[in-house]
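Residue-level structure breakdown
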Amino acid sequence: MRDLVMSPEDQRLAKERGRRDGTDIQKDRPRSELVSLEDFKGWYHREKSHLPSDIKFQYIERFVRQLRITGEIDAIECALDEAQLEYIREALHVFYRPVPYAGEAEILRAVNMPLIESLVSYGCFELDAELLEMPEGQKGVCLLLLRDYLSHITPVEIILIRSNSEGHPLVYVPVFSGFLLCETVLGLGLGMMDDVVLVGKLVLIRDTGATPADDGVRVLCEGTTLEVFATFREDELQLGIGSGDGLNLINPMFGPAAAGDAETDKAPLSLRRVDRKKYLPDGESGSFFRYRPWA
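Here goes a summary of the coordinates provided. (Residues numbered from 1 in each chain as written. Predicted model: local features only at pLDDT ≥ 70, side-chain atom pairs only at ≥ 80, totals over all residues. Heavy atoms only, no water.)

A word on helix H2 (residues 7-21). If you check H2, its first and last C-alpha atoms are 21 Å apart, about what 15 residues at 1.5 Å a residue would give, namely 21 Å. Inspection of H2 places Glu9, Asp10, Leu13 and Ala14 among the buried residues, and these make up the whole buried set. The buried residues of H2 occupy one face: seen down the axis, they fall within an arc of 135°. Across H2 from its buried face, at more than 90 degrees, point the exposed residues Lys15 and Arg19. (Helix = DSSP H or I, 4+ residues; strand = E, 2+ residues; numbered from the N terminus. Expected span 1.5 Å × (residues − 1). Buried < 20%, exposed > 50% of the residue type's maximum accessible area, 1.4 Å probe, protein only. Arc of directions from axis to C-beta.)

Counting residues in each nonpolar core, the largest one holds 38 residues, and the members touching the most others are Leu144, Ile158, Leu198, Phe232, Phe254 and Leu271. Discounting chain neighbours no more than four positions away, the residues touching Leu144 are Gly123, Cys124, Phe125, Val156, Glu157, Ile158, Leu237, Phe254 and Leu271. The next biggest cluster of nonpolar side chains, apart from the first, holds 11 residues, and it includes Met6, Trp43, Phe63 and Ile73. (Core = buried A, V, L, I, M, F, W, Y, C linked by side-chain atoms within 4.5 Å. Contact = heavy atoms within 4.5 Å.)

This brings us to the side chain of Glu126. Along the polypeptide, Glu126 turns up in strand S3 (residues 124-128). Glu126 gets classed as buried once you look at its relative accessible area, which sits at 5%. The contacts of Glu126, once residues within four sequence positions are left out, are Val141, Cys142, Leu143, Leu271, Arg272, Val274, Lys278 and Tyr279.

All we've got here are geometric facts, nothing functional implied.
Okay, here's the thing in structure tokens:
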């Protein structure tokens, strides 16, 4: 493991010694003193005082970053992401449970769940990001990706997709990730059988490492919690965004309608439902958009 991590430094040292004193690097492999085998033993041993804050640990971080670039540890990090997601979802479910009744009608019955899941789970919606300052010749699309509707809590990702008319590859800029928390379900059994209306909260976090200056896109992305009124249909998602401390944070992505209040008569946002394979050929989401500033 030490030789894998320190391969660049060892190779440079071998070339220098080979030129300087004719060392046979095949028989006597030089090893850089920047990080030794004892350093590794110190990092691994529970009784040692070595810490990752040790400046030598930067070589470990470099090695891990390279593995991320090549995708060699994607499976490991995907498993970690899934475990973390389920842990957070279970914790949120303790505090956010939907109301099972709307007036006298019982909403959350087994007969209604297939419709809810079919319209909500793994939905993909797009909206032109008109307020973003894009380079000349480029346009931005706000993509809202949902994962599975489970325990009435749905993981959400908001991604900016930059494109141009010259056929260059799409540029994906992760902005927010979070959860759509359902507190009330409306519409089912009330004469709107083709609609699923979720009333609750949209909790957005910036756990991707993105910053306002990334990729030239000036988007504030600190995180926020918003009241939402979401109507899911076969061809669209109508999103009414209400109060919240960070409402202005998503304004560049969702446009001027996002600045409205749920109690006003402003029309809700209308996001087009699209096949996620339009933007993701393999249909993947989630940890696929792990932010990698070193790539």
